[in-house]
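Below, each chain spelled out in residue letters.
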Amino acid sequence: MKRRAFVSLAVVGGTAWLSGIRPAAAATPDPKVLHVLNRLGFGPRPGDVARVSRMGVERYIQEQLSPEKLREPANLQRQLNKFATLKLDSGDLVREYRRPGSRDQRRMRRRMLRRKRRQVVEEARSARLLRAVESPRQLEEVMVDFWFNHFNVYAFKGLGGLWIGSYERDAIRPYVMGNFREILGATAKHPAMLLYLDNWRNTAPDSPGARGRFKGLNENYARELMELHTMGADGGYTQKDVETLARVLTGWGLANYRRSTDTGFYFDARRHDVQPKVVLGQQLTQTGEQEGEAALDLLASHPSTAKFISFKLAQYFVTDNPPQRLVDRLQKRFQATQGNIRAVLATLFQSDEFWDERYFQKKYKTPYRYMISAVRSAGIDIKNPKPLVGALAQLSMPLYGAQTPDGYDQVEKAWLNPDGMMRRLNFAVLLGGGRSRLEMRQRKPIEPGQLSDTAAMFLQPGTLRIIASKRRGLRSGLILGSPEFMYH
């Protein structure tokens, strides 16, 4: 179903104006203010439109590009501190995972680790959702969503979910606006990625360490590293490059109980391919672990990587089919700054294309963005994030649940369908009716007037008239489930 169809449905019916939903003073907000709140963040909370209107969109953008200067609320920190597994050390988890013992001991330990995995994933999900809704560092949260999806790992492949919290904490969050080479290296060596794409077993067949389950070349990570993480499917590499890159990365694996490290990463020289190698036409002169680092340098600085990442950022922040001239400009900035993500974002937010009103309120929200924006719009202070975890699964986008390495699609055609719309409307009616259980107690239905300077600002007069014709207890849910609120 196309958006035109939604709008045509919306303008049929009711004629009475819904007083109290959109006060006259807030009826004509600056579209640029709404645009930056929607694109640099997950939409406005009550009071955000007035605050950004006062400070100006340019200052708001600069503020969001420097999240370290924004203090997170004490209440949010108190809630995050309750999640004990967020503090787990990656190295400790690897030592526990690989501790030797009898068959019975290993079986019992795996049962224990599966229980721990459930707790880790549950707490990591709750923490992510709390931050996305309540943190003033909205662009940082948006970029966590972007980069985690780009370097996706699936939480339920084996026991890999044990590291899902530390993966986001140590390999994603510190680098979301840093240098691309840094986030590439951090994800490459993290136990979550090593397990998910099997590189921890990648072994040169004729090496001294080739035995048991470590006896063959595994190309999984090398292939996705080129296709999904750096150069893109049309980036110009060959199957020979993939095979050689896999040989470069032999020996990149997990520590164990006897050879422990703080990070859980361990380079096993006994399993490494020591033969000379040429990748993308370049002879690698380094050896051992540094050979892999040199390959990551080569990939991070390749023009195809700059083009691929620039396209994905333009698609994420501007439109599903971004103008080529914008992608070219971002690519040029990426290369000129050696992959400085903050600099590329600044260029994007200054571009004519970002401010082209043809793209305002035209990008369809993913289920994740839709749900976060609805909760923010209602101004709810979350005490219990678990219902949101379940709701995301109902909306077909479980957090850390994308099974394939390409993550979730970020474009309209992947999410706009009748079943998805019905599920969103059900969520909206529950939320609007005060039955979301996000506050640990029954809450009264949200008054439509509470959405005056958030969700209701995006509604067309025809939609408002339809909502005005419905009983009062349904109106907030209908606002949050309206066709206009599906876009940002």
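Residues numbered from 1 in each chain as written. Predicted model: local features only at pLDDT ≥ 70, side-chain atom pairs only at ≥ 80, totals over all residues. Heavy atoms only, no water.

Participant: Talk me through the overall build of the protein chain; I want residue IDs and the actual numbers.
Facilitator: Helix and strand counts for the protein chain come out as 23 helices and 4 strands. Relative to its length of 488 residues, the protein chain is compact, with a C-alpha radius of gyration of 24 Å against a globular reference of 23 Å. For the protein chain, the spread of C-alpha atoms along the three principal axes comes to 80 × 55 × 40 Å. The buried share of the protein chain, taken over its 488 residues, is 59%. (Helix = DSSP H or I, 4+ residues; strand = E, 2+ residues; numbered from the N terminus. Rg over C-alpha atoms; globule rule 2.2 N^0.38 Å. Buried < 20%, exposed > 50% of the residue type's maximum accessible area, 1.4 Å probe, protein only.)

Participant: How would you summarise helix α14 (residues 289–300) if you had to cite specific residues and measurements?
Facilitator: Taking 1.5 Å of rise per residue, the 12 residues of α14 would be expected to cover 16 Å, and the 17 Å separating its terminal C-alpha atoms lies within 8% of that figure. The element α14 is extensively covered by neighbouring structure, given that 9 of its 12 residues are classed as buried. When we look at burial in α14, the residues that qualify are E291, G292, E293, A294, A295, L296, L298, L299 and A300. (Expected span 1.5 Å × (residues − 1).)

Participant: Go over the pattern of salt bridges with me, naming the residues and quoting the values.
Facilitator: Applying the stated criterion across every chain yields a total of 26 salt bridges. The salt bridge involving R173 is made with E168; its shortest N-O contact spans 3.4 Å. Classification of R173 by relative accessible area gives buried; the value is 14%. A salt bridge links R271 to D268, with the nearest nitrogen and oxygen atoms 3.4 Å apart. Taken as a pair, R271 and D268 share a single burial class, namely buried. Look at the salt bridges and you will find they share partners, linking R181, K189, E289, E293 and D297 into a network. (Salt bridge = Lys/Arg side-chain N within 4 Å of Asp/Glu carboxyl O.)

Participant: Lay out the packing of helix α2 (residues 31–39) against helix α3 (residues 48–55) with the relevant residues and their values.
Facilitator: In the contact formed by α2 and α3, the axes pass within 10 Å of each other and the chain directions differ by 115°. The handedness of the crossing between α2 and α3 comes out as right-handed. Where α2 approaches α3, its residues V33, L34, V36 and L37 are matched on the opposing element by D48, V49, V52 and S53. Each residue belonging to the contact of α2 with α3 can be placed in one class, and the counts come to 6 nonpolar, 1 polar and 1 charged. (Axes fitted to C-alpha atoms, helices over the stretch in contact; angles between N-to-C directions. Left-handed = near helix turned anticlockwise from the far one by under 90°. Contact = heavy atoms within 4.5 Å. Nonpolar A, V, L, I, M, F, W, Y, C, P; charged D, E, K, R; others polar.)

Participant: Break down the packing of helix α7 (residues 103–134) against helix α19 (residues 386–394) for me, with residues and values.
Facilitator: Think of two packed helices as two axes; the pair is described by the angle between the axes and how far apart they sit. For the pair α7 and α19, the least separation of the axes is 9 Å and the interaxial angle reads 95°. Between α7 and α19, the interaxial angle falls into the category roughly perpendicular. Touching E122, R125 and L129 of α7 are K386, L388, V389 and L392, all from α19. Partitioned by chemical class, the residues of the contact of α7 with α19 number 4 nonpolar, no polar and 3 charged. (Parallel < 35°, antiparallel > 145°, perpendicular 65-115°, else oblique.)

Participant: Kindly report on the environment of S304, identifying the contributing residues and their values.
Facilitator: Looking at where S304 falls in the secondary structure, it is placed in helix α15 (residues 303–317). Each C-alpha atom, one on S304 and one on G235, is 5.2 Å from the other, the two residues being 69 residues apart in sequence. When residues no more than four places from it in sequence are discounted, the contact partners of S304 are T230, M231 and G235.

Participant: Report on unusual backbone geometry, specifying residues and quantitative values.
Facilitator: For residues that are not glycine, phi is negative in most cases, and the peptide bond is trans in most cases. One non-glycine residue, D198, lies in positive phi territory at about 70°. Tracing the sequence through the fold places D198 in the loop between α11 (191–196) and α12 (220–230). Relative accessible area serves as the criterion here: at 17%, D198 is assigned to the buried category. One non-glycine residue, Y400, adopts positive backbone phi at about 60°. Among the secondary structure elements, Y400 is positioned in the loop between α19 and α20 (412–415).

Participant: Quick one: what's the story with the confidence of the model for the protein chain, residue by residue and with numbers?
Facilitator: In this model, the protein chain carries a mean pLDDT of 91, and residues with pLDDT of at least 70 account for 94%. In this model, residues 1–17 is a region of pLDDT below 50 whose contacts with residues beyond four sequence positions or in other chains number 28 contacts. (pLDDT = per-residue confidence, 0-100.)

Participant: Before we move on, could you go through helix α5 (residues 74–81) and cite the residues and values that matter?
Facilitator: Within α5, the full set of buried residues consists of L76, Q79 and L80. Buried residues of α5, seen end-on, are gathered within an arc of 100° and therefore sit on one face of the element. Looking at the buried side of α5, the elements it contacts are α7. (Arc of directions from axis to C-beta.)

Participant: So what about the packing of aromatic side chains? Which residues, and what values?
Facilitator: This model, assessed by the stated rule, comprises 20 aromatic pairs. Where W200 meets F214, the ring centres are 5.6 Å apart and the plane angle is 85°; that geometry is what we call edge-to-face. Within this pair, whereas W200 is found in the loop between α11 and α12, its partner F214 is found in the loop between α11 and α12, the two being separated by 14 residues in sequence. For the pair formed by W200 and F214, the shared burial category is buried. Joined through ring pairs, the aromatic side chains of F146, W147, F151, F180, Y316, F317, F334, F349, F354 and W355 make up one cluster. Between K365 and the ring centre of F485, over which it is positioned, the NZ or CZ distance is 3.5 Å. (Phe/Tyr/Trp six-rings, centres within 6.5 Å; stacked < 30°, edge-to-face > 60°. Lys NZ or Arg CZ within 6 Å of the ring centre and 35° of its normal.)

Participant: An account of empty space enclosed by the protein is needed here, citing residue identities and associated values.
Facilitator: Enumeration over the complete set of coordinates arrives at 4 cavities of 30 Å³ or more. In this structure, the largest cavity occupies an estimated 130 Å³ of space. Take the lining of the largest cavity: its biggest share by element is 3 residues, from helix α8 (residues 138–150). Considering only residue class, the lining of the largest cavity consists of 9 nonpolar, 2 polar and 2 charged. In terms of lining residues, the second largest cavity is bounded by D145, Y316, K363, Y364, K365, T366, R369, Q410 and H488. (1 Å grid on protein atoms, 1.4 Å probe; cavity = no way out; pocket = protein on both sides within 12 Å on 5 of 7 lines; lining within 4 Å. Points joined across faces, edges and corners; volume = space filled by probe spheres on them.)

Participant: I'd like a rundown of a positive patch on the surface, residues and numbers included.
Facilitator: A contiguous patch of positive charge, built from R103, R106, R110, R111, R114, R115, R118, R201 and R213, is present on the exposed surface. You can see R110 is positioned in helix α7. The class of R110 is partly exposed, set by a relative accessible area of 39%. (Patch = residues over 30% accessible without salt bridge, like charges linked within 9 Å, V, L, I, M, F, W, Y side chains within 5 Å. Areas by Shrake-Rupley, 256 points an atom, 1.4 Å probe, with all protein chains shown as cover. Lys, Arg positive; Asp, Glu negative; His and termini not counted. Charge placed at Lys NZ, Arg CZ, Asp CG, Glu CD.)

Participant: With reference to specific residues and values, describe the nonpolar core.
Facilitator: Within the largest apolar cluster, 146 residues are counted, with the highest numbers of intra-cluster contacts made by M143, W147, F317 and F349. Top contributing element to this core by residue count: α7, with 9 residues. Among residues more than four places away in sequence, those in contact with M143 are V176, M177, L313, F317, I341 and L345. (Core = buried A, V, L, I, M, F, W, Y, C linked by side-chain atoms within 4.5 Å.)

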